Amino acid sequence: MRAWAGWAVRGAAAALTAAGLGHTLWTGVTEPATALAFGALVTVGELARRDHPAAGRRPAPLGSAGALAYALLGQDAGRPTHHGVLQIVAVVVAAALAGSVPHIARGHGPALDHVARRVLAVAFAAACFQPLLGSGRLTRWTGQGPGLVLFLLLLLGLTALCDAVLAAALAGARTGWPYGPLLRDELRAQLGIGPAICATGVVMALGVAVAGLWALPVFSVPLLLTQLSFHRVDAVRTTYRQTITSLARATEIAGCTAPGHSRRVAALSCAVGRELGLSERELTVLEYAALMHDIGQLSLVDPVPGGATAELPPDEARRIAGLGGEVARQTGVPAEVAVIVERQADPYREQPVAARIVRAVNAYDDLAGAGRHPGGPLAALERLRLGTGHDYQPEVVESLARVLARGGRGRVVPVPPG
């Protein structure tokens, strides 16, 4: 079902793109100077975008604002414009592809899902605005004052909602994750730079209507500065994550844990968290805690054999977890991360959800490691199922089994019936 939804979205975008390009090539470009100016703006926006493939997002704020402004353009320096929905789609697609050429040269070409979302969102805004404007009904309903601005803001809000719905549907088709949490994360992502994109799109459309195309570079500057600020914040977050990853590797360098153990636990924990519907922020906290879950072993005089804490007596496992929580607090990570590390060895009914996930995934990786369990990964998963009465939450274990059966991150094992 999810796969069909993804193909339906891509198919609709492809059909609309073909119709727009075909119509424009057949009839010619209406008001070419205006089309060229907005096309250049979208191209510059695509050139300035930063890719975030790990998050599945490829934000291009200036390009998005320029595309929305062209979709909502009704006048150029007081003269009515006559470009239609199909030309808007054609100009936006052509400009986005032109701006993606350098990214393609670096091996980061536009994702089909990103292009499909851009086409459908812009077409939605244009289809809701241009027919009403051309028929004169919009002017009769709202006039040329605050009513028009309010209508444009409402329309852009609906466009943002449409884009979030499409993004969640495409992500669900691509990953198989639950749709509800994906939609929630996309809506939250829209609250970041989304309001700045919508406001800039409205201001550009109204500015060009009064002052002409000279308004475009003037109103592009604030959004470019905002985009630069977001890039800096993102760089800080990336550096912070790299620091935590380096701290987590200290247990491997010291010989306390197996090579790659913390990274495997973090990747598989995040996959299980997705399966359980955790938000992006909760997944970030979960990832940090999973990376640092064994850091308490650095405080031990005698290391745990093989670093496998799943085989330890409960009291000893809780003591090491408590030491890990203290070490985590000293590193300056968020308090939530230290709490998860500290409580990972508690009975699952007393743990927060993230600690339950870390405990189950850590035990799985410990038990499934080469030579640690005679039955291998499948027997390790069965061992977790047998411990669901006290040690591991049944929902977490079954979510782990589903992730592994789909070939998720971590060791892939077949899931037996039941």
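Provided above is the structure to which this section pertains.
This is a predicted model, so every value here is computed, not measured.

Student: Explain the packing of aromatic side chains here, please?
Tutor: One pair of aromatic rings is described through two measures. These are the centre distance and the angle between the planes. In this structure the tally under the stated criterion is two aromatic pairs. Ring centres 5.1 Å apart and planes at 25° place the aromatic pair Phe38 and Tyr70 in the stacked group. Of this pair, Phe38 sits in helix H2 (residues 32-47) while Tyr70 sits in helix H3 (residues 61-71), and the two are 32 residues apart along the sequence. We note that Phe38, like Tyr70, is buried.

Student: Mind showing me how you'd approach the side chain of Ser399 here?
Tutor: Considering the arrangement of structural elements, one finds Ser399 in helix H19 (residues 394-405). Among the polar contacts made by the side chain of Ser399, one reaches the main-chain carbonyl oxygen of Glu395 at a distance of 2.9 Å. Not counting residues up to four positions away in its chain, the partners in contact with Ser399 are Val272, Glu275 and Leu276.

Student: I would appreciate a short explanation of the packing of helix H13 (residues 261-276) against H19 in the present structure.
Tutor: Remark: H13 packs on H19, axes separated minimally by 9 Å, with the N-to-C direction vectors making an angle of 110°. Looking at the two axes, H13 sits roughly perpendicular to H19. Judged by residue contacts, Leu268, Ala271, Val272, Glu275 and Leu276 of H13 engage Glu395, Val396, Ser399, Leu400, Arg402, Val403 and Leu404 from H19. Here the contact of H13 with H19 is built from residues that sort into eight nonpolar, one polar and three charged.

Student: Where do I start with the packing of helix H6 (residues 112-135) against helix H8 (residues 146-175) in this structure?
Tutor: To describe two helices that pack against each other, one gives the angle between their axes and the distance between the axes. Put simply, H6 and H8 touch, their axes get as near as 9 Å, and they point 150° apart. Considered as vectors, H6 and H8 are oriented roughly antiparallel to each other. The chirality of how H6 crosses H8 is right-handed. Within the contact between the two elements, H6 uses Asp113, Arg117, Leu120, Ala121, Phe124, Ala125, Cys128, Phe129 and Leu132 and H8 uses Phe151, Leu152, Leu155, Leu158, Thr159, Cys162, Asp163, Leu166, Ala167, Leu170 and Arg174. For the contact of H6 with H8, the class distribution of residues is 15 nonpolar, one polar and four charged.

Definitions and cut-offs
- Each chain has its residues counted from 1, following the order in which its sequence is written.
- Confidence filtering applies because this is a predicted model: local features only for residues at pLDDT of at least 70, side-chain atom pairs given and counted only at 80 or more, and all residues used for totals across whole chains, interfaces and linings.
- Hydrogens and water are ignored here; the side-chain numbers use all heavy atoms of the structure.
- In this analysis, rings of Phe, Tyr and Trp, with Trp reduced to its six-membered ring, are considered paired at centre separations within 6.5 Å, and the interplanar angle assigns stacked below 30 degrees, edge-to-face beyond 60, and tilted for intermediate values.
- Under the scheme used here, helices are H or I runs from DSSP no shorter than 4 residues and strands are E runs no shorter than 2 residues, and both carry numbers assigned from the N terminus.
- Burial status follows relative accessibility: with a 1.4 Å probe on protein chains alone, a residue under 20% of its type maximum counts as buried, one over 50% as exposed, and anything between as partly exposed.
- N or O atoms within 3.5 Å of each other form a polar contact, as long as, within protein, one can give a hydrogen and the other can take it, and as long as residues adjacent in sequence are counted only when both atoms are side-chain atoms.
- Whether two residues are in contact is decided by their heavy atoms, any of which lying within 4.5 Å being enough.
- Helix axes use the C-alpha atoms of the stretch in contact, all axes being lines fitted to C-alpha atoms, and the angles between their N-to-C directions lie in the range 0 to 180 degrees.
- By definition in this entry, angles of less than 35 degrees are roughly parallel, angles greater than 145 are roughly antiparallel, angles of 65 to 115 are roughly perpendicular, and the rest are oblique.
- The nonpolar class holds Ala, Val, Leu, Ile, Met, Phe, Trp, Tyr, Cys and Pro. Asp, Glu, Lys and Arg form the charged class, and all remaining residues, Gly among them, are polar.
- By definition, turning the near helix anticlockwise from the far helix through less than a right angle yields a left-handed crossing, and turning it clockwise yields a right-handed one.

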